[in-house]
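Residue-level structure breakdown
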Amino acid sequence: MIDYEEELKKFEPCLDVTDAEGAIYDRELTDILDVLQEVLREAKSNRRVK
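Residues numbered from 1 in each chain as written. Predicted model: local features only at pLDDT ≥ 70, side-chain atom pairs only at ≥ 80, totals over all residues. Heavy atoms only, no water.

Let's talk about the overall build of the protein chain
Scanning the protein chain from N- to C-terminus turns up three helices and zero strands. Along the protein chain, helices and strands appear, N-terminal first, in the series α-α-α. Taking the principal axes of its C-alpha atoms as reference, the protein chain extends roughly 75 × 25 × 10 Å. Across the protein chain, the mean location of the 8 positive side-chain charges is 18 Å away from that of the 14 negative side-chain charges. (Helix = DSSP H or I, 4+ residues; strand = E, 2+ residues; numbered from the N terminus. Lys, Arg positive; Asp, Glu negative; His and termini not counted. Charge placed at Lys NZ, Arg CZ, Asp CG, Glu CD.)

Here's the deal with the pattern of salt bridges
For the structure on display, the rule yields two salt bridges. Between Glu 7 and Lys 10 there is a salt bridge, with the nearest N and O atoms lying 3.6 Å from each other. Separated by three residues within a single helix, Glu 7 and Lys 10 lie in helix α1 (residues 4-10), roughly one turn from each other. According to the relative accessible area criterion, Glu 7 is partly exposed, its value standing at 41%. Arg 41 is paired through a salt bridge with Glu 38; the nearest N and O atoms lie 3.2 Å apart. Here Arg 41 and its partner Glu 38 are both found in helix α3 (residues 32-49), three residues apart, which amounts to about one turn of the helix. (Salt bridge = Lys/Arg side-chain N within 4 Å of Asp/Glu carboxyl O. Buried < 20%, exposed > 50% of the residue type's maximum accessible area, 1.4 Å probe, protein only.)

Quick look at the confidence of the model for the protein chain
Model confidence for the protein chain is summarised by a mean pLDDT of 83, while 92% of its residues fall at 70 or above. The spread of mean pLDDT over the elements of the protein chain runs between helix α2 (residues 17-26), the lowest at 74, and α1, the highest at 92. (pLDDT = per-residue confidence, 0-100.)

Comments concerning a nonpolar patch on the surface
Where nonpolar side chains cluster on the molecular surface, the patch consists of Ile 32, Leu 33, Val 35, Leu 36 and Val 39 and spans about 470 Å² of accessible area. Its location among the elements puts Val 35 in helix α3. (Patch = residues over 30% accessible without salt bridge, like charges linked within 9 Å, V, L, I, M, F, W, Y side chains within 5 Å. Areas by Shrake-Rupley, 256 points an atom, 1.4 Å probe, with all protein chains shown as cover.)

Focus on the environment of Glu 12
By the secondary structure assignment, Glu 12 is in the loop between α1 and α2. Judged by relative accessible area, Glu 12 falls into the exposed class, the value being 67%. As for Glu 12 and Arg 47, which are separated by 35 residues in sequence, their C-alpha atoms are 55 Å apart.

Here's what the structure looks like:
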């Protein structure tokens, strides 16, 4: 049987939407656009060297 009092003691509320949004946007993750920009920068610099 479930002990509701014990379960309430363990309860941790989930992040508010704004808190979650901040946590997501504060991370510096490399996405495909970052990778493509780096590849283009390298390609341009290699063209100038030759």
